[in-house]
Amino acid sequence: MQFGRFGAKDIHTLWLLLILTSGMFVAGSLGSLASGAFYARGDTRTPTILGSLSFTIAIGLKILMFWLYGLVGVAIAISLYYAMSLVMLTVPLYRRALDQRHVL
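These notes cover the structure that comes with them. Note that the structure is predicted; figures quoted are calculated from it, not measured. (Residues numbered from 1 in each chain as written. Predicted model: local features only at pLDDT ≥ 70, side-chain atom pairs only at ≥ 80, totals over all residues. Heavy atoms only, no water.)

With that settled, the discussion passes to the overall build of the protein chain. Of the regular secondary structure elements, the protein chain holds four helices and zero strands. The linear arrangement of helices and strands in the protein chain, starting from the amino end, is α-α-α-α. Over its C-alpha atoms the protein chain spans a radius of gyration of 18 Å, topping by over 25% the 13 Å that the globule rule assigns to 104 residues. For the protein chain, with 104 residues in total, the buried portion stands at 26%. Long-range pairs, those at least 24 residues apart, make up 73% of the contacts in the protein chain with a sequence separation of at least 6. (Helix = DSSP H or I, 4+ residues; strand = E, 2+ residues; numbered from the N terminus. Rg over C-alpha atoms; globule rule 2.2 N^0.38 Å. Buried < 20%, exposed > 50% of the residue type's maximum accessible area, 1.4 Å probe, protein only. Contact = heavy atoms within 4.5 Å.)

Written out as structure tokens, the structure reads:
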């Protein structure tokens with residue numbers, strides 16, 4: 001892409017990047033809900049630790065994907081990061097809900 005010259009190829013590239021990062025919007029929104037569920041239970045430590053861990057892992061993932069696939073790889077890695085973070089938050093939340101259900 002050059003300044004002032006935005007052609008069909010550039011539009012396709014932009015469309016592809018937006019599609020590949022769409023996982024960020026879905027998983028990111030659900031991850032905010034999962035974090036809020038922890039906060040509502042009075043647990044701020046778990047989402048902080050898991051968020052820091054997933055962010056640290058994602059740094060390496062983004063670098064690797066950039067080396068392998070360039071900008072498209074970064075877009076994929078961003079969506080994977082948010083999906084991984086969502087899974088890392090929902091698994092312990094689900095387990096705690098099951099444990100609490102057996103107590104009742």
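Back to the write-up after that little detour.
For the structure shown, the criterion picks out two aromatic pairs. For the ring pair Phe 55 and Tyr 81, a centre distance of 6.3 Å and an interplane angle of 75 degrees mean the geometry is edge-to-face. Within this pair, whereas Phe 55 is found in helix α3 (residues 45-69), its partner Tyr 81 is found in helix α4 (residues 71-103), the two being separated by 26 residues in sequence. Exposure remark for Tyr 81: the relative accessible area of 13% places this residue in the buried category. When the centroid spacing of 4.9 Å and the interplanar angle of 65 degrees are considered together, the rings of Tyr 81 and Tyr 82 count as edge-to-face. Each residue in the set Phe 55, Tyr 81 and Tyr 82 is aromatic and connected to the rest through ring pairs, giving one cluster. We note Lys 62 situated over the ring of Tyr 81; from NZ or CZ to the ring centre the distance is 5.0 Å. (Phe/Tyr/Trp six-rings, centres within 6.5 Å; stacked < 30°, edge-to-face > 60°. Lys NZ or Arg CZ within 6 Å of the ring centre and 35° of its normal.)

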